[in-house]
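Reading the structure
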Amino acid sequence: MASAAASAHIQATPTLCAAAKPPLQMHSEHPQRKRVLFVTSEFADLIKCGGLGDVSAALPRALSPQHDIRLLIPGYRQVVESGRPIRIVGQLPGLAALPPCQIGRMDLADGLIVYVLLNPALYERNGSPYVDDQGRDWADNHIRFARLGLAAAEIATGDAGIQWRPELVHANDWPAAMAPAYMAWRQASTPSLLTIHNLAYQGLCDMRCASELAIPESACGVDGLEFYGQLSFLKAGIAYAQHVTTVSRRYAREITTPEQGCGLDGLLRAKVQIDQLSGIANGIDESWHPESDPHLLQGFSAGDWAGKRANAAYVQQWLGLDDDGPLFAVVSRLVQQKGIDLTLQVAEHIVARGGRIGVIGQGEPALEAVMAELGRRHPGRIGVHIGFDESDARRLYAGSDFLLMPSRFEPCGLSQMYAQRYASLPIARCTGGLADTIEDGVNGFLFDAPRADAYRQAIDRALQVFDHPELLEAMRCQAMSAPLYWHQSVQPYDRLFQRLLSQATAYRALR
Ligand SMILES: Nc1ncnc2c1ncn2[C@@H]1O[C@H](COP(=O)(O)OP(=O)(O)O[C@H]2O[C@H](CO)[C@@H](O)[C@H](O)[C@H]2O)[C@@H](O)[C@H]1O
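Reading guide: rules and limits
Residues numbered from 1 in each chain as written. Predicted model: local features only at pLDDT ≥ 70, side-chain atom pairs only at ≥ 80, totals over all residues. UniProt positions renumbered as here; feature names shortened; annotations may be inferred. Helix = DSSP H or I, 4+ residues; strand = E, 2+ residues; numbered from the N terminus. Contact = placed C-beta atoms within 7 Å. Near = placed C-beta within 6 Å. Nonpolar A, V, L, I, M, F, W, Y, C, P; charged D, E, K, R; others polar. Domains from an automatic or database assignment. Core = buried A, V, L, I, M, F, W, Y, C linked by C-beta atoms within 7 Å. Buried ≥ 20, exposed ≤ 12 C-beta atoms within 10 Å, placed from the backbone. Pairing = 2+ DSSP bridges. Axes fitted to C-alpha atoms, helices over the stretch in contact; angles between N-to-C directions. Right-handed = clockwise from strand over helix to strand, strands pointing away.

1. A closer look at the UniProt feature "domain: Starch synthase catalytic" (unreviewed entry) in the protein chain
As annotated in UniProt, the feature "domain: Starch synthase catalytic" (unreviewed entry) corresponds to residues 35-269 in the numbering used here. Taken end to end, residues 35-269 is 29% helix and 23% strand, and its first and last C-alpha atoms sit 30 Å apart.

Take a look at the structure:
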C-alpha cells in the first residue's frame, strides 16, 4: 500500500532533481566505456540485509570511472521514503500476473544513477526485502522478483520508455536472476552476466506458477528452470546468462562439487567446460577505514590503539560486559550458513578461558532465541544484541580482539575483511572466500573440519597470541593491511564486460 510520505517523494514531472550534483568524474575518453545495468535487491545506501547490499553500493561505484553503470532496485518503503527525490521516467505494462509498474530515477549526490521499480502493492511493506516482520518469506516473492527481472529485460530491449539502454545487464543473486531468462525469451541482443553471491538461496517456487510468471512451457523442463519438480530462479539465471561469476575463486571451484553445488553442480560444471563460470573476489569499500570511519567512537591506526580501546569501552557498556579478558565478536546474519551452532558449542570454552563474547545478529528466529538465551546465561561475559545496526556493527569490529566466523560455507565474506581492517583477527573455517582472504597464523586463524573440537583448537591458538603482546601487535598490523579495496577487482570485471560485449557483437554479425 502506498503511504502518503512515499508518494510525496515521487515526482511525476521529469524535472531535474534538486539534489543532483555534478556526476562522478567520468573518463569519457575511455574508448571502451559501456552502458551497464546492475540489477540487485539490496543497496547499502538505502537497504541492506547483508553482504549483497555492500557489494551493490561499492562495485558499481568502483566501475563508474570506466563505465556508465546504473542500478535497478525495487522501490521498497525504505527506498521511496529515503527522502531522496525520485522522478518517473518510464512505464511498464503488466504481463500475466506481473503487474504494471513505473520506473523512477534517483540521482545520488555522487552521480550514481539508480532506477527504482515502483509498485507500492508489491514493494512498499514493513519488514525486509524478503521476509515479513515475523521472519516469514513474503508469499508473493516469486511475483515481486520475477517483476524485477522482467523490468530489467524491458529496459534492455528499450521497452521501458527510458532514454537509456544498457549494452550489458549484470544480475545479482536469485532475486535478479530471472533477468537473463526474460531477456532471452524477448530475443534481446544484449548480453547478460549473473553473479552468484550465495548459491544456497535459489528462489524456488511451485511449477504451477509458470503461467503467472509468463514462463514459456518449453523452458519448464530440466534443461530450463525445472529443479526437482519446482521452478528455480537461480537456475534460470545460470542457464540463460552468457557468463556466471561468483565472489571468490575458491567458491567458484567449490560450487562445481556435489558437496557444495546445492544440486546445481552439474550445470555449473557444464558452464566451466565452456568457459562461462569464473570467480572474482569481492573487495571492501573505502568507508571501512579505521582512521576516518565516522561510525567509530574514535579512530585509530596500526600501533596507536587508543581509539581501538575507546570502541571497546563503548561495546562493553552497550552489551553489559565486564572489562577484563579478550573480546570475541560475532557480527552476522544468524543463519545456518554461518555456523552459529558451532559458536554456541564453543562459547562456554571461551568464557572458561577468561574471554568475553559480543554479538550483534539477526536472522532465523530459532537461532536468535538460542543466542539471546546464551547471553542471559552468562551476564557480563556474553552480551547479545538481536538486531541490525551499521554503527554498532562497525564499533564491535573496531572494539574486539577476534571475530568468530565458523561458516559452513562462505562465497567470499566481507565481515572477516572488515574485522581485519579494524585489527580484529578472524577465527574462521577454511572454506570459500575465507580461505582466500585469511592467512593462518599471519592475519587470522583458520580451521578445517566444521566441528567444535577443531574450532576450539583455533580459539586456543588465538588466546596464546593474545597472551604475547608483541605477536598480537604483529598479527594486527598484518591484518590491517590485508583486505583489498574494490578498485583491485575492477580490472577483472572490466575485462569480462569487454569479452562479453565483443562475443555479443561477433554473434550479431553471424546472424
Ligand atoms: N546484525 C548486523 N548488524 C549490522 N550489520 C550486520 C549484521 N549482520 C551482518 N552485518 C553486515 O552484513 C554484511 C555481511 O556480509 P558478508 O559478506 O560477510 O556475508 P553475507 O552472508 O551477508 O553475504 C553474502 O554475499 C556476500 C557478498 O558477495 C558474500 O561476501 C558472502 O560470502 C555471502 O554469503 C557485513 O557488512 C556485516 O557487517
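2. Some words on the environment of D68
For D68, the location among the structural elements is in strand β3 (residues 68-74). C-alpha of D68 to C-alpha of E167: the two residues are 99 residues apart in sequence and 9.9 Å apart in space. Excluding its chain neighbours within four sequence positions, the residues that come into contact with D68 are R33 and R35.

3. Description of the site of the ligand
Taken together, 27 residues lie around the ligand, and G50, G51, A393, C412 and L414 are the ones closest in. At the level of elements, α2 (51-63), β14 (327-334), β15 (356-363), α14 (390-399) and α15 (415-421) are the ones that each hand at least two residues to the shell around the ligand. In terms of residues, the shell around the ligand owes the most to one element, α2, which gives four residues. Across the shell around the ligand, the residue classes tally to eleven nonpolar, eleven polar and five charged. Inspection of the shell around the ligand shows a minimum of three residues originating in each of domain 1 (4-283 + 487-510) and domain 2 (306-480).

4. Notes on the nonpolar core
Residues A152 and A179 are the most contacted members of the largest nonpolar core, which totals 143 residues. Three or more residues apiece are contributed to this core by two domains, here domain 1 (4-283 + 487-510) and domain 2 (306-480). Sequence-distant contacts of A152, defined by excluding residues within four places in its chain, comprise L37, V39, L72, V169, A171, A176 and A179.

5. Re the environment of K48
Looking at the secondary structure, you find K48 in the loop between β2 (35-39) and α2. In this structure, the C-alpha to C-alpha distance between K48 and D173, residues 125 residues apart in sequence, is 14 Å. In this view, K48 contacts E42, G53 and D54; residues no more than four positions away in its chain are not counted.

6. A closer look at the domain arrangement of the protein chain
You can read the domains of the protein chain as domain 1 (4-283 + 487-510) and domain 2 (306-480). Counting residues at the interface gives 17 residues for domain 1, matched by eleven residues for domain 2. Going through the elements one at a time, α2 and α9 (249-254) are the ones with two or more residues in the side of domain 1 that touches domain 2. Ranked by residue count, the leading element in the side of domain 1 that touches domain 2 is α9, at four residues. Counted by class, the side of domain 1 that touches domain 2 contains four nonpolar, nine polar and four charged residues.

7. Thoughts on the UniProt feature "domain: Glycosyl transferase family" (unreviewed entry) in the protein chain
On the UniProt side, "domain: Glycosyl transferase family" (unreviewed entry) is annotated at positions that read residues 320-464 here. Here residues 320-464 runs as 43% helix and 23% strand, with 26 Å between its end C-alpha atoms.

8. A look at the sheet that holds strand β16 (residues 382-386)
Paired through their backbone hydrogen bonds, the strands of a sheet run either parallel or antiparallel. Pairing is parallel across the open sheet formed by six strands, whose spatial order is β16-β15-β14-β17-β18-β19. In the strand order of this sheet, the two ends are held by β16 and β19 (445-447), each with one partner. Pairwise comparison of adjacent strand axes, ignoring direction, gives a mean angle of 20° for this sheet. Sheet analysis places β14 next to strand β17 (residues 402-405), joined by two bridges and oriented parallel. Among the inter-strand pairings, F328 is bridged to a residue of β17, identified as F402.

9. Here we look at the pairing of β3
Burial analysis of β3 places six of its seven residues in the buried class, the great majority of the element. With five bridges joining them, β2 and β3 adopt parallel strand pairing. The residue of β3 that forms the bridge with F38 is L71. Since β2 and β3 lie parallel, the crossover through α2 that links them has a hand, and here it is right-handed. Here β3 pairs with strand β6 (residues 113-118) via four bridges, running parallel. Residue L72 lies in a different strand from β6, and its bridge partner there is Y115.

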